[in-house]
Amino acid sequence: MCPSYRATGDEQHSTRGRARLLWEMLAGDLRSEGFRSEAVREALDLCLSCKACKTECPVAVDMAGYKAEFLAHHYEGRLHPLQHYIFGYADKLARWGSLAPWLTNAILTGPLTSPLIKYIAGVARERELPKLAAKSFVATRTNHDDPFALIFLEPSCASVFKDELPELFPNDPRARKMREQVWLLADWLSAKAPGFGAGRLNGAHILIHGHCHHKAVFGGPKKEIALLREAGATVEPIEAGCCGMAGPFGFEADKFEVSKKIADHGLLAAVKGAAPTTIIVADGFSCREQILQLGHTRALHFAEVLAQTCGCRG
Ligand code: SF4
């Protein structure tokens, strides 16, 4: 079910309600307002772009795609709100910040600077700003002509190339080629190194939370579960939908309560009820951040758990 509808119970924030308003904008009462419609913008504002409707709805509505298209037209030729630029250019800001990560982290967490940054960026006071790693990761592969495998750890990054790129460039053979080269780590290990880590996690108990895009585009963490079970762990999937963080969504001040409500549906109850020795696995960066900030528990990526089976951590 659409997580924003589940949290608010408001038809306007359901997939059906949003689809109805989009139709009104294109062919009904809102036609005169067109893409400048505030009613449509408001209805789409609480959409987490989780893509659940793309696979769960019987008519496969891609509301995440419609939202991106709508916002592109809505702000065409005029300025976006400041926070759109801050989150949109987060990668570039992080690149600048990584020149002196200790200084950046001191600013992000400082008692005076942190509230100021949150205020400017429209981030909820209750949120902690994520810190930069002490050492940045730099891809070293430079030969882009070989059909090498692109192995992703973050499902939402992989879904960009698997799902969104071919939709943006349906007639470009490079988009199709790239799509074929995209793998999630567990899928690649299952295909190329079956039995990896077999028997090395005997006795471990794991709760695993699937990222929305992992479920919508790659069928969910089935391969992760199979590999962890082969490694000897008892693995239980957490019965929950979206974690409620969804990139910047859960950080935004006006969405914090909705984000918390969504997380409360299944995910946080499972995390808080877990034994101290239980390992919580979540492959999504947003999911791990939500579990840390609201569940006060450090979840691990599947790769971090698997690294324990081969002594190749760090
Ligand atoms: S993408 Fe997710 S939040 Fe948005 S309408 Fe679809 S199910 Fe709801």
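Model, not experiment: these values are computed from the prediction. (Residues numbered from 1 in each chain as written. Predicted model: local features only at pLDDT ≥ 70, side-chain atom pairs only at ≥ 80, totals over all residues.)

**Side note on the overall build of the protein**
Put simply, the rule reads: Helix and strand labels come from DSSP, where a helix needs a run of H or I of at least four residues and a strand needs a run of E of at least two; each type is numbered from the N terminus. Every radius of gyration here is taken over C-alpha atoms, with the globule rule written as 2.2 Å times N^0.38, N being the number of residues. Labels follow a simple rule on C-beta atoms placed from the backbone: if 20 or more others lie within 10 Å of a residue's own, it is buried; if 12 or fewer, it is exposed; otherwise it is partly exposed. Each residue gets a C-beta atom placed from its backbone, and two residues are in contact if those atoms lie within 7 Å.
Along the backbone of the protein there are 18 helices and 5 strands. By the compact-globule yardstick of 20 Å for 314 residues, the protein fits well, its C-alpha radius of gyration being 21 Å. Residues classed as buried in the protein amount to 32% of the 314 residues present. Sequence separation of at least 24 residues holds for 69% of the intrachain contacts in the protein that already meet a minimum separation of 6.

**Describing helix α2 (residues 15-27)**
One turn of the α-helix equals 3.6 residues, which is why residues spaced by three or four share an orientation. Inclusion rule: Residue count minus one, scaled by 1.5 Å, sets the expected span of a helix. Of all possible arcs, the one meant is that of the directions from the helix axis to the C-beta atoms.
With 13 residues, α2 extends 18 Å between its outermost C-alpha atoms, agreeing within 8% with the 18 Å of an ideal straight helix rising 1.5 Å per residue. Here α2 has its buried residues at Thr15, Arg18, Leu21, Leu22 and Met25. Taken end-on, α2 shows its buried residues confined to a sector of 130°, consistent with a single buried face. Exposed and facing more than 90 degrees away from the buried side of α2 are Trp23 and Ala27. Buried positions along α2 lie against α3 (38-45), α4 (52-56) and α5 (63-74).

**Some points on unusual backbone geometry**
If you check the backbone angles, Ser49 has positive phi at about 55° while not being a glycine. Examined against the element boundaries, Ser49 turns out to sit in the loop between α3 and α4. Its identity is not glycine, yet His296 carries a phi of approximately 50°, on the positive side. Locating His296 in the fold gives a position in the loop between α17 (285-295) and α18 (302-310).

**Section: the domain arrangement of the protein**
How we decide: Domain start and stop points were drawn from an automatic or database domain assignment. Residues are grouped as follows: Ala, Val, Leu, Ile, Met, Phe, Trp, Tyr, Cys and Pro are nonpolar; Asp, Glu, Lys and Arg are charged; all remaining types, including Gly, are polar.
The assigned domain composition of the protein is domain 1 (3-74), domain 2 (82-121), domain 3 (150-187) and domain 4 (195-310). The C-alpha centroid of domain 4 is placed 28 Å from the C-alpha centroid of domain 1. Contacts between domain 1 and domain 4 engage 13 residues on the former and 14 residues on the latter. Elements supplying a minimum of two residues to the side of domain 1 that touches domain 4: α1 (3-8) and α4. The biggest single contributor to the side of domain 1 that touches domain 4 is α1, with 5 residues. Partitioning the side of domain 1 that touches domain 4 into residue classes produces 6 nonpolar, 4 polar and 3 charged.

**Focus on the pairing of strand β5 (residues 279-282)**
Spelled out, the test is: By the convention used here, strands pair only if DSSP detects at least 2 bridges between them.
The alternating pattern of β5 places Ile279 and Val281 and Ile280 and Ala282 on opposite faces, both of which are buried. Here 4 bridges tie strand β3 (residues 205-209) to β5, and the two strands are oriented parallel to one another. Its bridge partner being in β5, Leu207 is matched across the sheet by Ile280.

**Focus: the environment of Phe251**
Tracing the backbone through its elements, the reader meets Phe251 in the loop between β4 (234-237) and α15 (256-264). Put simply, Phe251 and Thr113 are 138 residues apart on the chain and 17 Å apart in space, counted from C-alpha to C-alpha.

**Considerations on the site of the ligand**
What counts, and what does not: Placing a C-beta atom from the backbone of each residue, we mark the residue near a molecule or strand if the atom is within 6 Å of it.
Close to the ligand lie 14 residues, the nearest being Cys2, Cys47, Cys50, Cys53 and Met63. Only α1, α2, α4 and α5 provide two or more residues apiece to the shell around the ligand. Looking at the shell around the ligand residue by residue, the classes come out as 9 nonpolar, 3 polar and 2 charged.

**A closer look at the sheet that holds β5**
Going by this rule: To obtain each axis, a line is fitted to C-alpha atoms, and for helices this fit is confined to the stretch in contact; angles are then taken between N-to-C directions over 0 to 180 degrees.
As summarised here, the arrangement of the 3 strands in space is β4-β3-β5, forming an open sheet in which the pairing is parallel. Two strands in the sheet have a free side with no partner beyond their single neighbour: β4 and β5. Along the sheet, successive strands turn relative to each other by an average axial angle of 25°, direction set aside. In the packing of helix α14 (residues 222-230) onto the sheet, the strands contacted are β3 and β4, and the crossing angle to β4 comes to about 160°.

**Focus on the environment of Ala134**
Along the chain, Ala134 falls in the loop between α9 (113-121) and β1 (150-152). Residue Ala134 is classed as exposed on the basis of its C-beta count, with 9 C-beta atoms lying within 10 Å. C-alpha of Ala134 to C-alpha of Ala100: the two residues are 34 residues apart in sequence and 8.7 Å apart in space.

**Details of α14**
Every buried residue of α14 is accounted for by Glu224, Ile225, Leu227 and Leu228. Axial view of α14: buried residues confined to an arc of 165°, hence all on one face.

**Some points on the packing of helix α10 (residues 155-168) against helix α11 (residues 173-181)**
This is how the line gets drawn: Reported orientations rely on four angle classes, namely roughly parallel under 35 degrees, roughly antiparallel over 145, roughly perpendicular from 65 to 115, and oblique for the rest. Left-handed describes a crossing in which the near helix is turned anticlockwise from the far one by less than a right angle; the clockwise case is right-handed.
Relative orientation of the contacting elements α10 and α11 amounts to 165°, with a least axis distance of 9 Å. Relative to α11, the element α10 is oriented roughly antiparallel. In this structure, α10 meets α11 at a crossing whose hand is left-handed. Taking contact as the criterion, the partners of Phe161, Lys162, Leu165 and Pro166 in α10 are, on α11, Ala175, Arg176, Met178 and Arg179. Class assignment for the residues of the contact of α10 with α11 results in 5 nonpolar, no polar and 3 charged.

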